[in-house]
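# Summary of the model geometry
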Amino acid sequence: MLTSGARWEKNNLRAVKAFDELVTMMRSTNHEFDMKLVITGATNVKVYRKHIRSKDAFVFLGYVESKELEFLHKNAYAFIFPSLNEGFGYPPVQSMRYGVPVAASGTTSVPEVCENAALYFDPYSVSEIKNRMIQLLDSSIYAMYAARGVARYGEVHKRQQEDLEKAVAFVLGE
């Protein structure tokens, strides 16, 4: 799954190309590969379609409501986050909450947020993004990052709750 398909800084085109290469590679070696990559927020699908061969391997969605987005985070096989510019990087944590492994850009704030709970890649390298996708096909790597993700979500959530309580106490003068 990819989010924010219309925003250039989310760098989804490189991830789409990486997945397309993976699908092409798997199919050329007669491996059954029926996964699809879902991209939300994709308002100009033509931009993506002109760069891919396996068009049937992609699901392009426009804007999705919060409940739909939460459903996608919860039910994705993996979350890919190739962002080039990120403030906090909350989308990977949303997927980690449900034990969905994450592969993400290693050049933004995401490594600070996700720590050892994500596989990192150079967001400018299509081949490196594809290699992380391949790694997530390995059941032992998948299980390890799923477990790490759940644990990391718990840490981030706990810290946010503590910080919120401190901020409320400060505002109330307690």
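Residues numbered from 1 in each chain as written. Predicted model: local features only at pLDDT ≥ 70, side-chain atom pairs only at ≥ 80, totals over all residues. Heavy atoms only, no water.

## Side note on the layout of surface pockets
Test applied: Here a cavity denotes a set of grid points, spaced 1 Å apart and computed over the protein atoms alone, in which a 1.4 Å probe fits but from which it cannot get out, and a pocket denotes an open set meeting protein on both sides within 12 Å along at least five of seven lines; residues with an atom within 4 Å of a point are reported as lining. Grid points are joined across faces, edges and corners, and a volume is the space filled by probe spheres set on the points. Only runs of H or I of at least four residues qualify as helices and only runs of E of at least two qualify as strands under DSSP, and these elements are numbered from the N terminus. Polarity classes work like this: nonpolar for Ala, Val, Leu, Ile, Met, Phe, Trp, Tyr, Cys and Pro, charged for Asp, Glu, Lys and Arg, and polar for all others, with Gly in that last group.
The volume enclosed by the largest pocket comes to roughly 290 Å³. Of all the secondary structure elements, the ones that give two or more residues to the lining of the largest pocket are helix 1 (12-28), strand 1 (37-39) and helix 3 (66-75). With three residues, helix 3 is the largest single contributor of residues to the lining of the largest pocket. Looking at the lining of the largest pocket residue by residue, the class counts come to 16 nonpolar, one polar and one charged. Here the second largest pocket defines a volume of roughly 230 Å³.

## Re the packing of aromatic side chains
Formally: In summary, the pairing rule links any two rings of Phe, Tyr or Trp, Trp by its six-membered ring, whose centres are within 6.5 Å, and it sorts them by plane angle into stacked for under 30 degrees, edge-to-face for over 60 and tilted for everything else. Charges are assigned to positions over rings by a cutoff of 6 Å between ring centre and Lys NZ or Arg CZ, combined with an angular limit of 35 degrees from the ring normal.
This model, assessed by the stated rule, comprises seven aromatic pairs. Counting every residue linked through ring pairs, the aromatic cluster contains Phe19, Phe33, Tyr48, Phe58 and Phe60. Arg148 extends its terminal NZ or CZ atom over the ring of Tyr145, reaching a point 5.0 Å from the ring centre.

## Quick look at a nonpolar patch on the surface
Test applied: Residues qualify for a patch when their relative accessible area is over 30% and they have no salt bridge, like charges being joined within 9 Å and the nonpolar side chains of Val, Leu, Ile, Met, Phe, Trp and Tyr within 5 Å. For the accessible areas, the method is Shrake-Rupley and the probe is 1.4 Å, while residue cover comes only from the protein chains on display. The salt bridge definition used is simple: a Lys or Arg side-chain nitrogen within 4 Å of an Asp or Glu carboxyl oxygen. The rule is simple: take the accessible area with a 1.4 Å probe, protein chains only, and divide by the maximum for that residue type; under 20% is buried, over 50% is exposed, in between is partly exposed.
Taken together, Leu164, Val168, Phe170, Val171 and Leu172 make up a surface patch of nonpolar side chains, about 570 Å² in accessible area. By the element assignment, Leu172 lies in the segment after helix 7 (139-171). Taking the relative accessible area as the measure of exposure, Leu172 reaches 56% and is therefore exposed.

## Brief notes about the sheet that holds strand 5 (residues 118-121)
To keep it simple, the criterion reads: In this analysis, strands are considered paired if DSSP registers two or more bridges between them. In this description, a line fitted to the C-alpha atoms serves as the axis of each element, helices being fitted only across the stretch in contact, and the angle between N-to-C directions of two axes falls anywhere from 0 to 180 degrees. Working rule for contacts: check all heavy atoms of both residues, and any pair within 4.5 Å makes them a contact.
Strand order in this open sheet of three strands is 3-4-5, and the pairing throughout is parallel. Two strands bound the open sheet, and with one partner strand each, they are strand 3 (79-81) and strand 5. Averaged over all adjacent pairs, the angle separating strand axes in this sheet is 20°, with direction ignored. Bridge analysis of strand 4 (residues 102-105) against strand 5 gives four bridges, and the strand direction is parallel. Paired with Val102 across the two strands is Ala118, which belongs to strand 5. Together, strand 3, strand 4 and strand 5 form the strand contacts of helix 6 (residues 126-135), whose direction differs from that of strand 5 by roughly 155°.

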